[in-house]
Amino acid sequence: MQVLDVGQGSAALIDTRSHRIVVDAGPKIDTRFDAGESIVMPALRRTGSDRVDLLMLTHLDNDHAGGRQAVADRYPDAQDIGAIRRCRDGHSWVWDRVRFTILQYADGSNRNDRSCTLLIENQRQSVYLSGDIGIQAEHALVDRLPERLSVLVSPHHGSRSSSSSLFTRHVAPQWVIHSAGRFSRYGHPHPLVSNRYALECSRQLVTGLVGGITWSSADPERIFSQRLGSLTLAFAPGLHRLDESACVEKPTNPSVRRH
Ligand SMILES: [Zn+2]
């Protein structure tokens, strides 16, 4: 998985052995900046195969959907699901032994809460791309999420109105990626949110600070950041976290070695 640095916004590429998914395509700002053209397309060309099987938008806010057209134009055969076509809560499929499940709080009172979110699991690892869901949606969906995620792309860029304690305690991710701009004018991630994940011993990265981030289920304790290089769960400088003694790790799958 690659979580791209699109400034204040969100875009990710998911690769299995023979399939490729784009989840959100970053913002488009007038004619000055199109993250789809400038960031998503080069990442697609640079890595993996020259194809997109699925183009999924979590919702239609510009910071997620602005770059969509550039990707759709280049990959017209990509199946289009999520916010553009009707998001189907519970829809699930398997590609290359990886299970994908769409989760949506369809009764959400606003567009953020109705984000079309994606849970990705193989036998040992799990990743959740949470769109911009807020606390109500988190509470509605939390029981359907694994108790210890390998990677969470944090809800709503680490906004204070998301990442409730109930949610962070349940998902207790090993890695949290806040897809947020450098010096975000919204203050993402909010310090209260960072502290909640820190209490779960999560290692946190902000795309605007460390650049695009790559994680692979084949080497789950390692993450690669454009600017900092290779980081491990044991040693990841510049991350938001409390003193090590402040967090209490949940018991985890014994096959996953923890430091
Ligand atoms: Zn957003």
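Refer to the structure above for everything that follows.
Please read all numbers here as calculations on a predicted model, not as lab measurements.

Enquirer: What exactly am I supposed to notice about the overall build of the chain here?
Expert: Along the chain, the regular secondary structure elements total seven helices and 17 strands. In the chain, buried positions account for 47% of the 259 residues. Considering only contacts within the chain whose residues lie at least 6 apart along the sequence, 62% involve residues at least 24 apart.

Enquirer: Can you help me understand the sheet that holds strand S15 (residues 213-215) in this one?
Expert: Sheets are built from strands paired through backbone hydrogen bonds, the pairs being either parallel or antiparallel. What the eight strands build is an open sheet, ordered S7-S6-S3-S2-S1-S15-S16-S17; its pairing is mixed. Each edge of the open sheet is held by one strand with a lone partner, namely strand S7 (79-82) and strand S17 (229-232). One ladder, built from three bridges, connects S15 with strand S16 (residues 222-225); its direction is antiparallel. The residue bridging Ile213 from the neighbouring strand is Ser225, located in S16. Along the sheet, helix H1 (residues 35-46) contacts strand S1 (2-3), strand S2 (11-15) and strand S3 (20-25); its crossing angle with S2, the most-contacted strand, is approximately 20°.

Enquirer: Is there a simple way to think about the sheet that holds strand S10 (residues 117-121) in this case?
Expert: Read from one edge of the open sheet, seven strands run S8-S9-S10-S11-S12-S13-S14, paired in mixed fashion. Bordering the open sheet on either side are strand S8 (92-95) and strand S14 (203-206), each of which pairs with just one other strand. Direction aside, the axes of adjacent strands within the sheet are offset by 15° on average.

Enquirer: Honestly, the nonpolar core in this entry has me stumped. Any pointers?
Expert: Nonpolar side chains tend to gather and get buried jointly when the protein is soluble and globular. Core analysis: the largest hydrophobic core is formed by 61 residues, its most contacted members being Ala12, Val22, Val40 and Met56. Apart from the residues within four sequence positions on either side, Met56 is in contact with Ile21, Val22, Val23, Ile81, Gly82, Cys116 and Leu118.

Enquirer: How do you make sense of unusual backbone geometry when you look at a structure like this?
Expert: Residues other than glycine predominantly adopt negative phi, and peptide bonds predominantly adopt the trans conformation. Despite not being glycine, Arg97 shows a phi value in the positive range, around 65°. Here Arg97 lies in the loop between S8 and strand S9 (98-103). Since 9 C-beta atoms lie within 10 Å of it, Arg97 is described here as exposed. The backbone of Cys201 shows a phi angle near 65°, a positive value even though the residue is not glycine. Residue placement: Cys201 occurs in the loop between helix H6 (191-199) and S14. Residue Cys201 is classed as buried on the basis of its C-beta count, with 20 C-beta atoms lying within 10 Å.

Parameters at a glance
Residues numbered from 1 in each chain as written. Predicted model: local features only at pLDDT ≥ 70, side-chain atom pairs only at ≥ 80, totals over all residues. Helix = DSSP H or I, 4+ residues; strand = E, 2+ residues; numbered from the N terminus. Buried ≥ 20, exposed ≤ 12 C-beta atoms within 10 Å, placed from the backbone. Contact = placed C-beta atoms within 7 Å. Pairing = 2+ DSSP bridges. Axes fitted to C-alpha atoms, helices over the stretch in contact; angles between N-to-C directions. Core = buried A, V, L, I, M, F, W, Y, C linked by C-beta atoms within 7 Å.

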